[in-house]
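Topology and contacts: notes
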Amino acid sequence: MKLYLDPGHGGSDPGAQGNGLDEKDINLDIARRIRSILTMVNLF
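Owing to the predicted nature of the structure, the values given are computational and were not obtained by experimental measurement.

Here we take up the overall build of the chain. Helix and strand counts for the chain stand at one helix and two strands. Counting helices and strands in the order they occur from the N terminus, the chain gives β-β-α. Its C-alpha atoms put the chain at 35 × 20 × 10 Å along the principal axes. With 5 positive and 6 negative side-chain charges, the chain shows a spacing of 10 Å between the two charge centroids.

In structure tokens, the structure reads:
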């Protein structure tokens, strides 16, 4: 089984912005957290 995490956006494309947050930063953080969890349970 393969799982691909693609947080999208990045570089000059921040995605949606609001309240001092960029979508690209939130998506990247979520992808890294998921990778960490899957690594801990040997699924990644």
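Since there are 3.6 residues in each turn of an α-helix, residues three or four apart along the chain are aligned in direction. Look at helix α1 (residues 23-40): 26 Å from first C-alpha to last across 18 residues, which is about the 26 Å you get at 1.5 Å a residue. Remark: Asn 42 follows α1 within two positions and exhibits a positive phi of approximately 60 degrees.

At Asn 19, a residue that is not glycine, the phi angle is positive and equals roughly 55 degrees. Mapped onto the fold, Asn 19 is located in the loop between β1 (17-18) and β2 (21-22). The exposure class assigned to Asn 19 is exposed, which follows from its relative accessible area of 83%.

With that out of the way, let us pick up the confidence of the model for the chain. Here the chain averages 88 in pLDDT, while 95% of its residues score no lower than 70. Averaged over each element, pLDDT in the chain is lowest for α1 (92) and highest for β1 (94).

Attention now moves to a nonpolar patch on the surface. Where nonpolar side chains cluster on the molecular surface, the patch consists of Leu 3, Leu 5, Leu 21, Ile 26, Ile 30 and Ile 34 and spans about 470 Å² of accessible area. Counting residues per element, the nonpolar patch draws most heavily on α1, which supplies three residues. On the basis of relative accessibility, which here comes to 38%, the residue Ile 26 falls in the partly exposed class.

How each quantity is defined
Residues numbered from 1 in each chain as written. Predicted model: local features only at pLDDT ≥ 70, side-chain atom pairs only at ≥ 80, totals over all residues. Heavy atoms only, no water. Helix = DSSP H or I, 4+ residues; strand = E, 2+ residues; numbered from the N terminus. Lys, Arg positive; Asp, Glu negative; His and termini not counted. Charge placed at Lys NZ, Arg CZ, Asp CG, Glu CD. Expected span 1.5 Å × (residues − 1). Buried < 20%, exposed > 50% of the residue type's maximum accessible area, 1.4 Å probe, protein only. pLDDT = per-residue confidence, 0-100. Patch = residues over 30% accessible without salt bridge, like charges linked within 9 Å, V, L, I, M, F, W, Y side chains within 5 Å. Areas by Shrake-Rupley, 256 points an atom, 1.4 Å probe, with all protein chains shown as cover. Salt bridge = Lys/Arg side-chain N within 4 Å of Asp/Glu carboxyl O.

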